[in-house]
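Chains, contacts and geometry: an overview
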Amino acid sequence: MLPIIFVMPIIQLCILVFAATYDMKNTNLYVVDKDLSSHSRELISKFNGSPFFTVKDLGFSVDAGEKELFKDKVDAILVFEKGFGNDVDLKRPAGVQVLVNAIDASAAGLYNAYIQAVIQDYNLHLQPKLINAKTRQPIQIVDNSYSHLFNPEMDYIPYMLPGILVLLVTVIGLFLSAMNVVREKEIGTIEQINVTPIKKYQFLIGKLIPFLIIGFFELGVGLLLATFVFKIPFLGSLGLIYLVAFVYLLVVLGIGLLISTQTDTQQQAMFIAWFFMVVFIMMSGLFTPVESMPEWGQKLNFLNPVSYFIKMIRMIMLKGSGFKDVMRELGILGLYGIAMLTIAVNRYRKVS
Amino acid sequence: MKDEKQVIRVRNLFKKFGDFTANHDLSFDVYKGEIFGFLGANGAGKTTAIKILSGLSYPTSGEIEVAGFDVYKQRELLKRNIGYMSQKFSLYEDLTVYENIRFYGGIYGLSRKEIKMKADELLTTLNLEHVRNKRIGELPLGWKQKLAFSVAILHNPDIVFLDEPTGGVDPVTRRQFWDLIYEASRKGITVFVTTHYMDEAEYCDRVSIMVDGKIEALDTPSELKKQFEAKDMDAVFLRLARNSSYQE
Ligand SMILES: Nc1ncnc2c1ncn2[C@@H]1O[C@H](COP(=O)(O)OP(=O)(O)O)[C@@H](O)[C@H]1O
Ligand SMILES: [Mg+2]
């Protein structure tokens, strides 16, 4: 117990303090340049040169950009209409249109602020001498207008609520399963089980099924509240959400049962389950954008089931993504689930 | 009634926990149909041995065969043919009596019909028909223990291991419990029972007395009394335990 008490919080501190941040790291842009002037190119290269932006793709149609945005390949679209360069040359107000993926309202706020900063910088560079006499502010030549896609009101509830549903399902699933087998060790019923010819996988599957049902039930209640009380848009398919939830619960319950088979007391199991819970949730993208995390943090997230589920449930509910859009994440979760359950079955010992 | 067929054969069984030897060089046989008493003070090593015999824990060394199966290699086969009632009470307290019976019956592969029949028979014998749908947790300890025993032999095992089955219950209930043990023995089930109540030793066909992890005596109760010139098993036990390092 001692190592658990001292080592785990330190690991937690080290991971979370760096990983769960609001820092802006890298925003992927899709640029629609209908102007093709030296000025538009210059501003684009300013974005490219900034450590916060990468121009992922260039094109000529906003639709193509929105497709990329829908697939989560890019976070924002910059649109230069024809005549932009001309306006700049004539020192007339020149507009850049910015379309931001606002599913995550807090991240969208960050994109806006940083995009604004780059454009401001460009304005300064264009007009070092042109200072408004009254305000002493540089006069804006290039201005930008925002559109917030998927969540035009920049409302936090549609963004947070699906993530919170994930959290509920995770807490219930992880804790019930982590406490379960170890509780049987404490009260002694496990011995009566171990002395029977029951197969290990039969025992654990028997444990799994009721928790799956409880998790499904929780999710159902949560979705009902989300749509009818909080009026969250529900664009995707309910069946797909349940399929994702099923695969996800296999992972969470596998981890829980593994914890349970490896511990001797409920106290230990509780502590370890908490550890994973906190790390998973803080890094999941629920509160802070995953993109803000350092490279290694994002790599660690490869093992974080919560981040997959949050990503998928947001895509399905808020964007109406279908099976094909979430297939990759779902596949990874599926393999993960099979691995965890196999390990749990293997590590469970009927003989001491 | 008893034939001389061995159902348990133990040779040089050792069990160590680190430096501590909980079972030291045990060798004995148990024959089909007998009631074998495994006696010893608290901490003598009874539970340790019974867990090894029922496939719940690995011996450190020794040759052990139970119901014709090797405890190293054929543990799961062995488990089909034994019943076990642990020292800790171990039916599910939040399930009803019938649910517990159905659950364990199911694990041993009894059909629904068999389970129902067995449950009726068992509840009638125990006179507990009226608590069939009560949660186990609500019942008095004596009833729970009788139920646990009946559930342990639900699948007609060759041998049943009972680890201090009468711990903490009143003498009347203990007497009734022993009636159940005789009943099982009459059906041909070999009974391996540990206890630290010396009066219960008198009910056994043969007893072994364990002190500090070693078997110090093994014979019928009457032979043991003769050998130690004692008037009852209590006196026999005191003679042996005097050498023990264990302080109560
Ligand atoms: N898992 C274990 N680890 C270390 N020591 C143990 C373990 N199990 C039992 N012991 C020790 O072995 C001795 C015998 O225990 P046990 O077999 O439970 O005795 P009994 O059932 O006769 O009261 C005790 O001293 C106990 O502390
Ligand atoms: Mg004991």
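Just so it is clear, the structure is predicted and the values come from calculations on it, not from any experiment.

**A closer look at the overall build of chain B**
The secondary structure content of chain B amounts to nine helices and 10 strands. Against the 2.2 N^0.38 benchmark of 18 Å for 248 residues, chain B shows a C-alpha radius of gyration of 18 Å, consistent with a compact globule. Dimensions of chain B, computed from the C-alpha atoms along their principal axes, are close to 50 × 40 × 40 Å. Out of the 248 residues belonging to chain B, those deemed buried represent 52%. Here the contacts in chain B between residues at least 6 apart in sequence split such that 67% fall between residues at least 24 apart. When the accessible area of chain B is evaluated, it comes to approximately 11500 Å², of which 48% is carbon and sulfur surface. Charged side chains of chain B number 35 positive and 36 negative; the gap between the two group centres comes to 4 Å.

**Structural notes on the environment of aspartate 70 of chain B**
All names here are of chain B. With respect to the helices and strands, aspartate 70 occurs in strand β5 (residues 69-70). A C-alpha to C-alpha distance of 9.7 Å links aspartate 70 and leucine 53, two positions 17 residues apart in sequence. Apart from the residues within four sequence positions on either side, aspartate 70 is in contact with Ile64, Glu65 and Arg75. A distance of 2.7 Å separates a polar side-chain atom of aspartate 70 from the backbone nitrogen of tyrosine 72.

**Digging into the pattern of salt bridges**
The final tally for this structure, using the stated rule, is 24 salt bridges over all chains. Glutamate 81 of chain A is paired through a salt bridge with lysine 34 of chain A; the nearest N and O atoms lie 3.7 Å apart. Taken together, the residues span a long stretch of sequence, with glutamate 81 of chain A in the loop between β3 (76-80) and α4 (84-89) and lysine 34 of chain A in the loop between β1 (27-33) and α2 (38-49) at a distance of 47 residues. Using a relative accessible area of 31% as the deciding quantity, one classes lysine 34 of chain A as partly exposed. The shortest N-O distance in the salt bridge between arginine 92 of chain A and aspartate 87 of chain A comes to 2.8 Å. Aspartate 87 of chain A sits in the buried class, given a relative accessible area of 16%. Among the charged side chains, a network of salt bridges with common partners joins Lys116, Asp120, Glu129 and Arg132 of chain B.

**Focus on the interface of chain B and chain A**
In this complex, chain B contributes 24 residues to the contact, which on the side of chain A involves 18 residues. Taken together, the two surfaces of chain B and chain A that pack against each other cover about 1800 Å², and 56% of this comes from carbon and sulfur. The largest contributions to the chain B side of the interface with chain A come from Leu56, Tyr92 and Ile107 of chain B, which together make up 28% of the buried area. On inspection of chain B and its partner chain A, the count reaches two salt bridges. For lysine 51 of chain B, the salt bridge goes to glutamate 191 of chain A, with nearest N and O atoms at 3.0 Å. Summed over the shared surface of chain B and chain A, the result is 10 residue pairs in polar contact (both at pLDDT 80 or more). Mapped onto the side of chain B that touches chain A, the elements with two or more residues apiece are α2 (75-80), β6 (82-85) and α3 (97-107) of chain B. Top contributing element to the side of chain B that touches chain A by residue count: α2 of chain B, with four residues. Residue composition of the side of chain B that touches chain A, by class: 12 nonpolar, five polar and seven charged.

**Re the site of ligand 1**
All names here are of chain B. Phe17, Phe20, Ala22, Ala41, Asn42, Gly43, Ala44, Gly45, Lys46, Thr47 and Thr48 make up every residue found near ligand 1. With respect to ligand 1, the backbone of glycine 43 contributes an N or O atom lying 2.7 Å from an oxygen atom. Threonine 47 places a side-chain nitrogen or oxygen 2.6 Å from an oxygen atom of ligand 1. For ligand 1, whose unbound accessible area comes to 570 Å², protein coverage reaches 59%. When contributions to the shell around ligand 1 are tallied by element, the ones reaching two or more residues are β2 (20-31) and α1 (46-53). Here the shell around ligand 1 gets three residues from one element, more than from any other, and that element is α1. Grouping the constituent residues of the shell around ligand 1 by class yields five nonpolar, five polar and one charged.

**Focus: the nonpolar core**
Counting residues in hydrophobic clusters, the biggest one holds 124 residues, and the most contacted among them are Leu147, Phe149, Leu162 and Ile209 of chain B. At 15 residues, the largest contribution of residues to this core is made by helix α9 (residues 238-262) of chain A. Among all residues touching leucine 162 of chain B, those that are not within four sequence positions of it are Ile50, Met85, Phe149, Phe177, Ile181, Val191, Phe192, Val193 and Thr194 of chain B. Within the second largest apolar cluster, 28 residues are counted, among which are Leu26, Ala44, Val66 and Val71 of chain B.

**A short note on the sheet that holds strand β10 (residues 214-219) of chain B**
All names here are of chain B. One open sheet holds the six strands; their spatial order is β6-β7-β8-β3-β9-β10, and the pairing between them is mixed. Bordering the open sheet on either side are β6 and β10, each of which pairs with just one other strand. Within the sheet, the average angular offset between the axes of one strand and its neighbour, ignoring direction, is 15°.

**Some details on the domain arrangement of chain A**
Residue and element names in this part refer to chain A. Domains assigned within chain A are domain 1 (27-134) and domain 2 (155-347). On a C-alpha basis, the centres of domain 1 and domain 2 stand 39 Å from each other. Of the residues lining the interface, 11 residues belong to domain 1; the matching set on domain 2 comes to 14 residues. Across the domain 1/domain 2 interface, buried area totals approximately 1000 Å², and carbon plus sulfur atoms make up 61% of it. Across the contact surface, domain 1 and domain 2 share zero salt bridges.

**Some remarks on the packing of helix α6 (residues 156-187) of chain A against helix α12 (residues 305-319) of chain A**
All names here are of chain A. At their nearest, the axes of α6 and α12 sit 9 Å apart, and the two run at 135° to each other. As summarised for this structure, α6 and α12 are arranged oblique, according to the angle between their axes. Judged by the sense of rotation from one axis to the other, the crossing of α6 with α12 is right-handed. Only Val306, Phe309, Ile310, Ile313, Arg314, Met317 and Leu318 of α12 make contact with α6, whose side of the interface consists of Pro158, Tyr159, Pro162, Gly163, Leu165, Val166 and Thr170. Considered class by class, the residues forming the contact of α6 with α12 number 11 nonpolar, two polar and one charged.

Cut-off values and rules
Residues numbered from 1 in each chain as written. Chains lettered and ligands numbered in written order. Predicted model: local features only at pLDDT ≥ 70, side-chain atom pairs only at ≥ 80, totals over all residues. Heavy atoms only, no water. Helix = DSSP H or I, 4+ residues; strand = E, 2+ residues; numbered from the N terminus. Rg over C-alpha atoms; globule rule 2.2 N^0.38 Å. Buried < 20%, exposed > 50% of the residue type's maximum accessible area, 1.4 Å probe, protein only. Contact = heavy atoms within 4.5 Å. Areas by Shrake-Rupley, 256 points an atom, 1.4 Å probe, with all protein chains shown as cover. Lys, Arg positive; Asp, Glu negative; His and termini not counted. Charge placed at Lys NZ, Arg CZ, Asp CG, Glu CD. Polar contact = N/O pair within 3.5 Å; in protein donor to acceptor, adjacent residues only side chain to side chain. Salt bridge = Lys/Arg side-chain N within 4 Å of Asp/Glu carboxyl O. Buried area = accessible area lost by both parts, 1.4 Å probe. Nonpolar A, V, L, I, M, F, W, Y, C, P; charged D, E, K, R; others polar. Near = heavy atom within 4 Å. Core = buried A, V, L, I, M, F, W, Y, C linked by side-chain atoms within 4.5 Å. Pairing = 2+ DSSP bridges. Axes fitted to C-alpha atoms, helices over the stretch in contact; angles between N-to-C directions. Domains from an automatic or database assignment. Parallel < 35°, antiparallel > 145°, perpendicular 65-115°, else oblique. Left-handed = near helix turned anticlockwise from the far one by under 90°.

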